[in-house]
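Each chain, written out:
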Amino acid sequence: QVQLVESGGGLVQAGGSLRLSCAASGRTFSGYTMGWFRQAPGKERTFVAAIIWNGAITYYADSVKGRFTISRDNAKNTMYLQMNSLKPEDTAVYYCAPTTVVAGVGHARESQIWGQGTQVTVSS
């Protein structure tokens, strides 16, 4: 199984930017569609963005379209999420995971073992 470590979160003012990273180890993730998910306090984990194995196709939740950009570097076994024009409602812990996309929405496996994630806090 691929081990995933998220990083790059922090505290930023509304309108600011952050770039998250998801580093994979244990085995290559180049064959997987990968995705970002987030969980705000007291809420369920939700889909944010996904990218197919070669980066040619990406998917985004409506709430982040036009503001977030997902990318990957298979040579570095790393995926990224560039987040611009951040809003307070983007505040959450962000996680990465192998993802299946159905009707444009990414879903992690039910058996997914989630990592620590990375905290993103956007102040107003």
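A. Highlighting the nonpolar core. Counting 33 residues, the largest nonpolar core has Trp36, Met79, Leu81, Met83 and Tyr94 as its most contacted members. Contributing elements (two or more residues each) for this core: β3 (18-25), β4 (34-39), β5 (46-51), β7 (68-73), β8 (78-83), β9 (92-102) and β11 (118-123). Ignoring any residue separated from it by four or fewer positions in sequence, one finds Tyr94 in contact with Glu6, Leu20, Trp36, Phe37, Arg38, Val48, Phe68, Leu81, Met83, Gly117, Thr118 and Val120.

B. Quick look at the environment of Val64. Relative to the helices and strands, Val64 is located in the loop between β6 (58-60) and β7. Judged by relative accessible area, Val64 falls into the buried class, the value being 0%. In this structure, the C-alpha to C-alpha distance between Val64 and Asp90, residues 26 residues apart in sequence, is 8.7 Å. Other than its neighbours up to four places away in sequence, Val64 contacts Arg38 and Val48.

C. Geometry of the state of the cysteines. Considering all chains together, one arrives at 1 disulfide under this definition. A disulfide bridge connects Cys22 with Cys96, and the sulfur atoms are separated by 2.1 Å. Across the disulfide from Cys22 to Cys96, rotation about the S-S bond amounts to roughly 75 degrees, and the bridge is consequently right-handed. Of the two residues, Cys22 is situated in strand β3 and Cys96 in strand β9; the sequence distance between them amounts to 74 residues. With respect to class, Cys22 is no different from Cys96; both count as buried.

D. Representation of unusual backbone geometry in the model. Here Asn77, not a glycine, exhibits a phi torsion of approximately 55 degrees, which is positive. Within the fold, Asn77 resides in the loop between β7 and β8. Unusually for a residue other than glycine, Ser85 sits at a positive phi of about 50 degrees. With respect to the secondary-structure elements, Ser85 resides in the loop between β8 and β9. Using a relative accessible area of 41% as the deciding quantity, one classes Ser85 as partly exposed.

Criteria and cut-off values
Residues numbered from 1 in each chain as written. Predicted model: local features only at pLDDT ≥ 70, side-chain atom pairs only at ≥ 80, totals over all residues. Heavy atoms only, no water. Core = buried A, V, L, I, M, F, W, Y, C linked by side-chain atoms within 4.5 Å. Buried < 20%, exposed > 50% of the residue type's maximum accessible area, 1.4 Å probe, protein only. Helix = DSSP H or I, 4+ residues; strand = E, 2+ residues; numbered from the N terminus. Contact = heavy atoms within 4.5 Å. Disulfide = S-S within 2.5 Å.

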